[in-house]
Amino acid sequence: MSVFDLRDFDQHEQVSFFNDPETGLKAIIAVHNTHLGPALGGCRMWAYENEEQAITDVLRLSRGMTYKAAITGLPLGGGKSVIIGDARRDKTPELMRAMGRAVNALRGRYIVAEDVGMSVDDMVQISKETRHVLGLPSENGSGGGDPSPVTAFGVYTGLKAAVKHRLNRDDIAGLRVAVQGLGNVGYNLCKLLAADGVVLTVTDVHQDRVKTAIAELGATAVPPENIYDAEVDVFAPCALGGAINDGTIARIKADVISGAANNQLAEARHGDVLREKNVLYAPDYVINAGGLIAVHYEYRARSAGETYDRDAVMAHVARIAETVESVFQRAAQEAVSTAVAADRIAEQRFGRAPAASQAA
Ligand code: NAD
């Protein structure tokens, strides 16, 4: 397999493979673009069925980080890493330290933080081997802790902006929202929505999370496969990527799609299909930027020897509402999907020439 020829390669600057037989680490670090600054992006630990899946995932996620940083106005580039393995079964402190050495080998071109399957404790292990790590415990002074609640707040803000735009509603009490995935972000999003009186339909492959959502938030649960058929106003994908695909688009009844998951569109053309169906899609990397904003402030605080300023972070994250509205307006002006409009704004900022983006 040639990595350079993959559809998702998309002009990556660097893709590095790491193998550490002693700890069992098999990892890939992808650096998509560093025009605006060092490539910052989470590490995902997942039991990929094969190497191709892992490579495709890391390339797509890494590219998304370039666009996310650019559209959010942060001086950062895009990168991401994956560890091939089951986070519940294969993770050890030694494996995390081996990952730290891998990150360190890139000498700051890539900065790691949490993603699916990784925790603040894992970042602490990684930090024993490299200083190019964020998402460290808040007790550290400059550390911001788990970025997931901040991401959830950004998604909540973006979701409300999308509902205002499409349904002309400020008050979301009684709004029906389906949440797919009750993990670190999804569950925090549910808490914020429930506090506003939103009627929640939820699902997760892990029943413990579902039971808590029913008991604590009065949510209604459906099996994972049925979430696409829920009679709701908003669909919030908060699990893994690819939730919007040929098989699910026809089933989704919501007027708005607005969730935390990265790479929600299985293929770029699905953004056009949603536009044709008059479903307003809040592009994933625009509304899930809260965590990136949080780790950026952590990075700045640490570089300047200052304390992490949570209030400044939340004020910045609240501006996701304005960013998402500007994407909707650009999409309307240029008669393109919201996904294309977001890409155009981001590409202008990170300096990709229009001809290259069309060829990609
Ligand atoms: P997580 O691992 O804590 O949660 C994911 C949840 O989805 C888990 O509870 C899992 O059981 C569930 N799930 C997996 N497949 C499912 C399926 N088919 N149906 C229903 N549930 C399913 O991860 P997270 O940190 O909450 O992240 C969720 C998504 O948001 C990911 O796509 C991640 O890349 C993205 N994201 C997270 C952050 C962050 O700050 N954590 C930031 C930006 C984007």
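Model, not experiment: these values are computed from the prediction. (Residues numbered from 1 in each chain as written. Predicted model: local features only at pLDDT ≥ 70, side-chain atom pairs only at ≥ 80, totals over all residues. Heavy atoms only, no water.)

Observations regarding the overall build of the protein
Moving on, step 1. Per the secondary structure count, the protein includes 14 helices and eleven strands.
Moving on, step 2. The globule rule puts the C-alpha radius of gyration for 360 residues at 21 Å, and the 19 Å found for the protein is close to it.
Moving on, step 3. With respect to the three principal axes, the spread of C-alpha positions in the protein is 50 × 50 × 40 Å.
Moving on, step 4. Buried positions account for 53% of the 360 residues belonging to the protein.
Moving on, step 5. Restricting the contact set of the protein to residue pairs at least 6 apart, pairs at least 24 apart contribute 66%.
Moving on, step 6. Looking at the protein as shown, the accessible area adds up to about 15200 Å², and 48% of this sits on carbon and sulfur atoms.
Moving on, step 7. For the protein, the distance from the average position of its 37 positive side-chain charges to the average position of its 45 negative side-chain charges is 2 Å. (Helix = DSSP H or I, 4+ residues; strand = E, 2+ residues; numbered from the N terminus. Rg over C-alpha atoms; globule rule 2.2 N^0.38 Å. Buried < 20%, exposed > 50% of the residue type's maximum accessible area, 1.4 Å probe, protein only. Contact = heavy atoms within 4.5 Å. Areas by Shrake-Rupley, 256 points an atom, 1.4 Å probe, with all protein chains shown as cover. Lys, Arg positive; Asp, Glu negative; His and termini not counted. Charge placed at Lys NZ, Arg CZ, Asp CG, Glu CD.)

So, the pairing of strand E1 (residues 14-20)
Moving on, step 1. Here E1 pairs with strand E2 (residues 25-33) via seven bridges, running antiparallel. Note that in E2 the partner of phenylalanine 17 across the bridge is isoleucine 28.
Moving on, step 2. Between the antiparallel neighbours E1 and E2 lie four residues, among them glycine 24 with a positive phi of about 85 degrees. (Pairing = 2+ DSSP bridges.)

A short note on the site of the ligand
Moving on, step 1. In the vicinity of the ligand, 23 residues are found, and the nearest of them are Thr151, Val185, Asp204, Ala239 and Asn262.
Moving on, step 2. Contact between the ligand and arginine 44: an oxygen atom at 2.9 Å from a side-chain N or O atom of the residue.
Moving on, step 3. One nitrogen or oxygen atom from the main chain of asparagine 184 is found 2.9 Å from an oxygen atom belonging to the ligand.
Moving on, step 4. In isolation the ligand has 830 Å² of accessible area, and contact with the protein removes 86% of it.
Moving on, step 5. Going through the elements one at a time, helix H4 (148-167) and helix H5 (184-195) are the ones with two or more residues in the shell around the ligand.
Moving on, step 6. Residues that form the shell around the ligand fall into these classes: ten nonpolar, eight polar and five charged.
Moving on, step 7. Each of two domains, domain 1 (3-65 + 77-133) and domain 2 (149-287 + 323-356), supplies a minimum of three residues to the shell around the ligand. (Near = heavy atom within 4 Å. Polar contact = N/O pair within 3.5 Å; in protein donor to acceptor, adjacent residues only side chain to side chain. Nonpolar A, V, L, I, M, F, W, Y, C, P; charged D, E, K, R; others polar. Domains from an automatic or database assignment.)

Section: the packing of helix H10 (residues 290-304) against helix H11 (residues 310-318)
Moving on, step 1. Between H10 and H11, the least distance of the axes is 9 Å, while the angle of their chain directions is 145 degrees. Here H10 runs over H11; the crossing is right-handed. Every residue of H11 that contacts H10 at Gly290, Ile293, Ala294 and Tyr297 is listed here: Ala312, Val313, His316 and Val317.
Moving on, step 2. Residue composition of the contact of H10 with H11, grouped by class: six nonpolar, two polar and no charged. (Axes fitted to C-alpha atoms, helices over the stretch in contact; angles between N-to-C directions. Left-handed = near helix turned anticlockwise from the far one by under 90°.)

Remarks on the sheet that holds strand E8 (residues 220-221)
Moving on, step 1. Taken together, the six strands give an open sheet; going across it, the order is E8-E7-E6-E9-E10-E11, and neighbouring strands pair in parallel fashion. The sheet is open, and its two borders are formed by E8 and strand E11 (280-281), each paired with just one other strand.
Moving on, step 2. In terms of strand pairing, strand E10 (residues 256-257) meets E11 through two bridges, oriented parallel. Among the inter-strand pairings, valine 256 is bridged to a residue of E11, identified as leucine 280.
Moving on, step 3. Helix-sheet contacts for H5 involve strand E6 (176-180), strand E7 (199-203) and strand E9 (234-237), and the interaxial angle to E7 is about 165 degrees.

Looking at the domain arrangement of the protein
When the parts of a complex come together, some accessible area is lost, and that lost area is often used as the size of the interface.
Moving on, step 1. Under the domain assignment, the protein is made up of domain 1 (3-65 + 77-133) and domain 2 (149-287 + 323-356).
Moving on, step 2. For domain 1 and domain 2, the distance between their C-alpha centroids amounts to 26 Å.
Moving on, step 3. The partner domain 2 presents 13 residues to the 16 residues of domain 1 that form the contact.
Moving on, step 4. Carbon and sulfur atoms supply 41% of the area that domain 1 and domain 2 bury against each other, a total of about 1200 Å² over both sides.
Moving on, step 5. Counting the contacts that link domain 1 with domain 2 gives zero salt bridges.
Moving on, step 6. The interface formed by domain 1 and domain 2 includes three residue pairs in polar contact (both at pLDDT 80 or more).
Moving on, step 7. Within the residue set of the side of domain 1 that touches domain 2, elements represented by two or more residues are E2, strand E3 (39-46) and helix H1 (51-72).
Moving on, step 8. Among the elements that make up the side of domain 1 that touches domain 2, the one with the highest residue count is H1 (four residues).
Moving on, step 9. The residue inventory of the side of domain 1 that touches domain 2, partitioned by class, reads four nonpolar, five polar and seven charged. (Buried area = accessible area lost by both parts, 1.4 Å probe. Salt bridge = Lys/Arg side-chain N within 4 Å of Asp/Glu carboxyl O.)

Here's the deal with the confidence of the model for the protein
Moving on, step 1. Put simply, the protein has an average pLDDT of 94, and 98% of its residues get 70 or more.
Moving on, step 2. Note on residues 354-360: pLDDT is under 50 here. Beyond four places in sequence and across chains, it has five contacts. (pLDDT = per-residue confidence, 0-100.)

Here's the deal with H5
Moving on, step 1. Here H5 contains twelve residues, and its C-alpha end-to-end distance of 17 Å stays within 8% of the 16 Å for a straight helix at 1.5 Å per residue.
Moving on, step 2. Where the residues of H5 are buried, they touch H4, E6, E7, helix H6 (207-217) and E9.
Moving on, step 3. At the C-terminal side of H5, glycine 197 shows a positive phi close to 85 degrees. (Expected span 1.5 Å × (residues − 1).)

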